[in-house]
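Understanding the architecture of this molecule
Single-letter residue listing:
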Amino acid sequence: MKTWHEIRRFPLAVRLLLVNQLGVNTGFYLLIPYLATHLTENLGLSAAVVGVVLGVRNLSQQGLFIIGGSASDRLGARGVIIAGCALRTLGFALFALGDGLAVLLAASVLSGVAGALFNPAVRAYLAQEAGENRAEAFALFNVFATTGALVGPLLGSVLLLVDFRTSALTAAGIFAVLTVAQALALPARRGEPSGSGLLGDWREVLGNRAFLAFALAMVGMFTLENQLYLLLPDGARDATGWDGAAGLVFLVGTVANLTLQLRITRSLKARGSRGRWIAVGLAVMGLAFLPPAFLPGLVPVLAGALLLYTGVMIAQPFVMELIPGFGRPGLTGTYFGIFYVVSGVAAAVGNAAVGWAMDTGAQGAAWLPWACCTLFGLASALGVARLHRRGALPASPAPEAAAPVGERSRA
């Protein structure tokens, strides 16, 4: 009830974006986790071709975040969000309706570009609308996103009992509904072109050394979050011999997120600086991998998952809150876009390291990938702590972003 009461305190735009993220993650995880199986078992594609199809989607999204962020600043976040949801609708529909390689590649590109558009735009819009309650807004955003990441695979597994096409069309339908809902109800906000040109905006952001250092320091958060879909489910399956044990990892995290996220954020917000809590959260994320590294069985794996989710709940809302504070409000979307490009590339390297540790550890050093993750988390925590001590992190939301909703310009 407290969470529902907190949601009602925010303006309509914020509430719509929270529901939007629930739908985005539900639709995404309803389809994507089962796509590789469909391509290999149903369509008979080779592993190499499947890798290309999946890689094109990821590259299209990660490489174009900066475009989505800049478009949000210049054209207004609302239109970019709507365009992203519409493209995702088309991309997922193509996965359902096309079997040829050209169609599959087009579907992957459209799906990736869609994410590159609406991901930074949604976060920029949310940061601008939430004002001084930005941390709480991103905490709720995390709750809705985590819930969608649990509901999506469960719904997808049920729909796959019919066939993959039904699952893909359902995912496309969810994004179609989101597109219409945002077009009808999301308030428009003017973009704020800087006058320095697109390249000038990028140079300004990339020239912000404190921001780039912060983005690189966050490699631990993104790398370790990805282990919710790789190392921890693999550990749960190995501990039990049951494929369904991987779902318990997500169940533990979702329950914890729903019950604790907002309480943690509100409590920590009143007790010290954001930078310190981000460092603490990253350290907790790293330490989460120690129980399964040294203790056998499912319980240590689930304990590690709970600690990992706790670290994310501590750090992530404050990370999202701080990013706009590195620059002027007119570049909020660009800052989010470049943050995801930099940290995404760094996290890809981190994930490759974890994958190598998993392969190497299988030869008799099962603790190795877990220890590798612990080092990533602690290294990131030390990096953020150093930036905090040097005074390189914004202490609070930018004053312009904290202005009351009624004082912002409307298109």
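None of these values were measured; they are calculated from a predicted model. Within each chain, residues carry numbers counting from 1 in the order of the written sequence. Per-residue local features are limited, in this predicted model, to residues with pLDDT of at least 70; the limit for side-chain atom pairs, both in listing and counting, is 80 or more; totals at the level of whole chains, interfaces and linings are taken over all residues. Heavy atoms from the whole structure form the basis of all side-chain values; hydrogens and water molecules are not counted.

Quick notes on the overall build of the chain
Put simply, DSSP marks the helices as runs of H or I at least four residues long and the strands as runs of E at least two long, and each gets a number from the N terminus on. Each helix and strand in the chain was counted, giving 19 helices and zero strands. Throughout, radius of gyration means the C-alpha value; the globule benchmark is 2.2 Å times the number of residues raised to the power 0.38. At 21 Å, the chain has a C-alpha radius of gyration in line with the 22 Å of a compact globule built from 411 residues. Once the C-alpha set of the chain is aligned to its principal axes, its extents read approximately 55 × 50 × 45 Å. Sequence separation of 24 or more characterises 83% of the internal contacts of the chain that already satisfy a separation of 6 or more. Note on areas: these come from Shrake-Rupley sampling with a 1.4 Å probe, and a residue is covered only by the protein chains present in the view. Entry remark: accessible area of the chain is about 16800 Å², with carbon and sulfur atoms responsible for 66%. Side chains of the chain carry 28 positive and 19 negative charges; the gap between the two charge centres is 9 Å. Two residues form a contact once any of their heavy atoms are found within 4.5 Å. We count Lys and Arg on the positive side and Asp and Glu on the negative side, and we leave His and both chain ends out. The atom standing in for a charge is NZ when the residue is Lys, CZ when it is Arg, CG when it is Asp and CD when it is Glu.

Quick notes on helix 17 (residues 298-322)
Taking 1.5 Å of rise per residue, the 25 residues of helix 17 would be expected to cover 36 Å, and the 36 Å separating its terminal C-alpha atoms lies within 8% of that figure. When the local axis directions of helix 17 are compared, the greatest deviation, roughly 30 degrees, occurs at Ala315, which is followed within four positions by the proline Pro317. With 19 of 25 residues buried, helix 17 lies mostly within the body of the structure. Here, expected helix span is obtained from the residue count minus one, scaled by 1.5 Å. Fitting axes to the seven residues that end at a residue and to the seven that start at it, the angle between those axes gives the bend at that residue. Per-residue accessibility, obtained with a 1.4 Å probe over protein chains only, is compared with the maximum for each type, and a residue is labelled buried under 20%, exposed over 50%, and partly exposed between these values.

Topic: the environment of Gln128
Tracing the backbone through its elements, the reader meets Gln128 in helix 7 (residues 101-130). Residue Gln128 is classed as partly exposed on the basis of its relative accessible area of 25%.

A word on the confidence of the model for the chain
Parts of the model with low pLDDT should not have their predicted coordinates read in detail. For the chain, per-residue confidence averages 88 on the pLDDT scale, and 94% of positions sit at 70 or higher. Confidence drops under pLDDT 50 across residues 397-411; counting only partners more than four residues distant or on other chains, this segment forms 26 contacts. Values of pLDDT, the confidence the predictor places in each residue, fall between 0 and 100.

Structural notes on the side chain of Thr223
By the element assignment, Thr223 lies in helix 12 (residues 219-226). Given a relative accessible area of 0%, Thr223 falls into the buried group. Filtering out sequence-adjacent residues up to four positions away, Thr223 remains in contact with Ala347, Gly350, Asn351, Val354 and Phe376.

Structural notes on the environment of Asn58
Turning to its location among the elements, Asn58 is positioned in helix 4 (residues 47-63). Residues Asn58 and Leu169 lie 111 residues apart in sequence; the distance between their C-alpha atoms is 21 Å.

A closer look at a nonpolar patch on the surface
Patch criteria: residues need more than 30% relative accessible area and no salt bridge. Like-charged residues are merged within 9 Å; nonpolar side chains of Val, Leu, Ile, Met, Phe, Trp and Tyr are merged within 5 Å. What makes a salt bridge here is a side-chain nitrogen of Lys or Arg within 4 Å of a carboxyl oxygen of Asp or Glu, nothing more. A cluster of nonpolar residues, Leu287, Leu290, Phe294, Leu295, Trp367 and Leu378, forms a patch on the protein surface that exposes about 590 Å² of accessible area. For Leu295, the position within the fold is in the loop between helix 16 (290-294) and helix 17. Take Leu295: its relative accessible area is 52%, and that puts it in the exposed class.

Notes on the packing of aromatic side chains
Here a Phe, Tyr or Trp ring, Trp counted by its six-membered ring, pairs with any other such ring whose centre lies within 6.5 Å, and the pair is stacked when the planes are under 30 degrees apart, edge-to-face when over 60, and tilted otherwise. If you walk through the whole model with that rule in mind, you get 16 aromatic pairs. For the pair Phe222 and Tyr340, a centre-to-centre distance of 5.8 Å together with 80 degrees between the ring planes defines the contact as edge-to-face. Separated by 118 residues along the polypeptide, Phe222 in helix 12 and Tyr340 in helix 18 (residues 332-361) bring together distant segments of the chain. The same class applies to Phe222 and to Tyr340, which are both buried. Members of the aromatic cluster, each reached through a chain of ring pairs, are Phe65, Phe211, Phe214, Phe222, Phe326, Tyr335, Phe339 and Tyr340. Consider the ring centre and the ring normal. A charge sits over the ring if Lys NZ or Arg CZ is within 6 Å of that centre and within 35 degrees of that normal. Of note, Arg276 hangs over the ring of Trp277, and the distance from its end group to the ring centre comes to 4.7 Å.

A word on the pattern of salt bridges
Inspection of the entire model under this criterion finds five salt bridges. In this structure, Asp201 engages Arg328 in a salt bridge whose closest nitrogen and oxygen atoms are separated by 3.9 Å. Of this pair, Asp201 sits in helix 10 (residues 198-206) while Arg328 sits in the loop between helix 17 and helix 18; the two residues are 127 residues apart in sequence, bridging distant segments of the chain. The partly exposed category is assigned to Arg328, whose relative accessible area is 31%.

What to know about helix 3 (residues 35-42)
Burial in helix 3 covers these residues: Leu35, His38 and Leu39. Each buried residue of helix 3 sits inside an arc of 95 degrees when the element is viewed along its axis, so together they form one side. Buried-residue contacts for helix 3 involve helix 2 (12-31), helix 4, helix 6 (77-97), helix 7 and helix 9 (164-185). One or two steps after helix 3, the chain reaches Gly44, where phi turns positive at roughly 70 degrees. Regarding the arc, it is the one traced by the directions from the helix axis to the C-beta atoms.

Notes on the packing of helix 5 (residues 65-75) against helix 10
An axis is simply a line fitted to the C-alpha atoms; with a helix, the fit covers only the stretch in contact. Between two such axes, the angle follows the N-to-C directions and lies from 0 to 180 degrees. Across the interface, helix 5 lies against helix 10 with an axial gap of 11 Å and an inter-helix angle of 115 degrees. Between helix 5 and helix 10, the angle is such that the two are roughly perpendicular. Both helix 5 and helix 10 take part in a crossing whose hand is right-handed. Of the residues in helix 10, those in contact with Ile66, Ile67, Ser70 and Arg74 of helix 5 are Leu198, Asp201 and Trp202. Amino acid classes used here: Ala, Val, Leu, Ile, Met, Phe, Trp, Tyr, Cys and Pro are nonpolar; Asp, Glu, Lys and Arg are charged; the rest, including Gly, are polar. In terms of residue class, the contact of helix 5 with helix 10 is built from four nonpolar, one polar and two charged. In this scheme, roughly parallel covers angles under 35 degrees and roughly antiparallel covers those over 145, while 65 to 115 is roughly perpendicular and the rest are oblique. Crossings are sorted by hand: turned counterclockwise from the far helix by less than a right angle, the near helix makes the crossing left-handed, and turned clockwise it makes it right-handed.

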